[in-house]
Amino acid sequence: MTFTLAQRAHKMNPSVIREILKVTEKPGIISFAGGLPSADTFPIEAMQAACAQVLGQDGKAALQYAASEGYGPLRDWVAQELQQQGMRVGADQVLITTGSQQGLDLVAKVLIDAGSRVLVETPTYLGALQAFAPMEPVIEGVASDDQGVLPDALRAQAAGARFAYLLPNFQNPTGRTMSEARRAAVAQVAIDTGLPLIEDNPYGDLWFDQAPPPALASRHPEGTLYLGSFSKILAPGLRLGYVVAPRALYPKLLQAKQAADLHTPSFNQRVVAEVLKDGFLQRHVPTIRARYQAQCQAMLGALEQAFGHSGQGGDDSLAWNRPAGGMFLWTRLPAGLNAVDLLPLAVEHNVAFVPGSAFYAAEPDPRSMRLSFVTPSVAEIERGVVALAQAIALAQERSRAPATA
Ligand SMILES: Cc1ncc(COP(=O)(O)O)c(C=O)c1O
């Protein structure tokens, strides 16, 4: 029996990260590869109490089919929360999704035809590339620096593109953040050129010292689709996210959502709405920030100790950035090394990372590497960085050694 695959199925690829995570399952390995939040931050007691409350009070409704738009009180909460952050959002614009990953899938279905041009940051979130690819777009990377896309480059590529997909806060994979001035310039390009924006913000609450500037959506609400998530501030296993859509686009996203899964699990939505009551996140999120900040500091300190500089040590050394929040740090290997080739050697030294090339729409930087600092403990981070430095030194030695016959 042969199945003839649809054209779009050929565009679906296994996630490089999931493949790498298999390697990291080797016992004893310290993994900087995963993008998973720290399970120690999951609010298990609050969830337990909320589950009992929902089942006790609302059990029948919580286990029944429900509205595709999402659970009313949760949509209200999202709208209010975003209003406090300066966005003009009505609850009628909020579509609760099964993770923000589903938001990306719905956006792809509603906005991309085969051959449509889609603009992304360089590099960008791999899961977005995976969500867009089956719709067969031409995905174009826009030149970017340590603050995200360059406004002039965006302007030059904007004409005719279906949208630009942007991650202004503590971006996955680089950890970088768009400054206020950059946001203003990017929003102006979108307004001038009529370029729709997809703003993906799962990490915005995870700042260390200072909240990031207001969302692009607050500058350009009619032209921006905003994606949020509960994965990094509560727990990813809930699969709860949301899309805030301009009213003109909302019905189409809703139809796509109905076709995809009718609605996001009612039980999870009600439990989370219950947990969020009474300002729970105001107490909970600061504990996540403090933990991730300490872990980020530990990684930066260990890198400084291992490489003898604070991030920019010249072409012969590892380079890294200093994220102001989120879960990731972006690094660049010394000249002559390649992150894909380094990985097996690193795994031999019991440490793993994600080669950065997975995150590029085109022309990857083979020296780039993503390090996550949130799942290992501080002690593991310190040991992992030492192991990584040893693997890099060995790879450098080998690359310098004259080839033997
Ligand atoms: C940038 C970005 N967008 C979206 C997602 C998907 O998150 P969710 O768990 O809400 O589907 C992730 C997950 O890591 C992410 O890094």
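Residues numbered from 1 in each chain as written. Predicted model: local features only at pLDDT ≥ 70, side-chain atom pairs only at ≥ 80, totals over all residues. Heavy atoms only, no water.

Student: Lay out the environment of Leu394 with the relevant residues and their values.
Tutor: Position of Leu394 among the secondary structure elements: in helix H13 (residues 378–400). With a relative accessible area of 25%, Leu394 lands in the partly exposed category. Residues Leu394 and Ala346, 48 residues apart in the sequence, show an inter-C-alpha distance of 9.8 Å. (Helix = DSSP H or I, 4+ residues; strand = E, 2+ residues; numbered from the N terminus. Buried < 20%, exposed > 50% of the residue type's maximum accessible area, 1.4 Å probe, protein only.)

Student: Could you give an account of the site of the ligand, naming the residues involved and the relevant values?
Tutor: Around the ligand, the structure places 13 residues, and the nearest of them are Ser100, Asp200, Tyr203, Ser229 and Ser231. At 2.9 Å from an oxygen atom of the ligand is found a main-chain nitrogen or oxygen belonging to Gln101. Within the complex, 92% of the 390 Å² of free accessible area of the ligand lies under protein. By residue class, the composition of the shell around the ligand is four nonpolar, six polar and three charged. (Near = heavy atom within 4 Å. Polar contact = N/O pair within 3.5 Å; in protein donor to acceptor, adjacent residues only side chain to side chain. Areas by Shrake-Rupley, 256 points an atom, 1.4 Å probe, with all protein chains shown as cover. Nonpolar A, V, L, I, M, F, W, Y, C, P; charged D, E, K, R; others polar.)

Student: Lay out the sheet that holds strand E10 (residues 241–244) with the relevant residues and their values.
Tutor: Ordered in space as E2-E10-E9-E8-E7-E3-E4, the seven strands form an open sheet in which the pairing is mixed. Here the strands that pair on one side only, and so sit at the sheet edges, are strand E2 (94–97) and strand E4 (138–142). With strand direction ignored, the average angle separating the axes of adjacent strands in the sheet is 20 degrees. Two elements, strand E3 (residues 117–121) and E4, share five bridges in a ladder whose sense is parallel. Within the sheet, the bridge partner assigned to Glu121 lies in E4 and is Val142. (Pairing = 2+ DSSP bridges. Axes fitted to C-alpha atoms, helices over the stretch in contact; angles between N-to-C directions.)

Student: Before we move on, can you summarise the sheet that holds strand E15 (residues 368–372) with the specific residues and values?
Tutor: Pairing is antiparallel across the open sheet formed by four strands, whose spatial order is E11-E12-E15-E14. Across the chains shown, the open sheet's two edge strands, defined by having one partner strand only, are strand E11 (319–320) and strand E14 (354–355). Of the pairings in the sheet, the one linking E14 to E15 comprises two bridges and is antiparallel in character. Looking at the pairing, Val354 lines up with Arg370 of E15.

Student: Just give me the short version of the packing of helix H4 (residues 100–111) against helix H9 (residues 250–261), but keep the residues and values in it.
Tutor: Following both chains from N to C, one finds H4 and H9 inclined at 115 degrees, their axes separated by 9 Å at the closest point. Pair H4 / H9 crosses with right-handed handedness. Counted together, Gln102, Leu106, Val107 and Val110 of H4 and Lys252, Leu253, Ala256, Lys257, Ala260 and Asp261 of H9 form the full contact between these two elements. (Left-handed = near helix turned anticlockwise from the far one by under 90°. Contact = heavy atoms within 4.5 Å.)

Student: Explain the pattern of salt bridges to me, using residue names and the numbers behind them.
Tutor: Enumeration over the complete set of coordinates arrives at 16 salt bridges. Residues Asp192 and Arg155 are paired through a salt bridge, measuring 3.1 Å at the closest nitrogen-oxygen approach. Placement of Asp192 in helix H7 (residues 180–193) and of Arg155 in helix H6 (residues 151–158) is noted, with a sequence separation of 37 residues between them. Overall, Asp192 belongs to the partly exposed group, its relative accessible area being 45%. (Salt bridge = Lys/Arg side-chain N within 4 Å of Asp/Glu carboxyl O.)

Any functional reading would require information that these geometric values do not contain.
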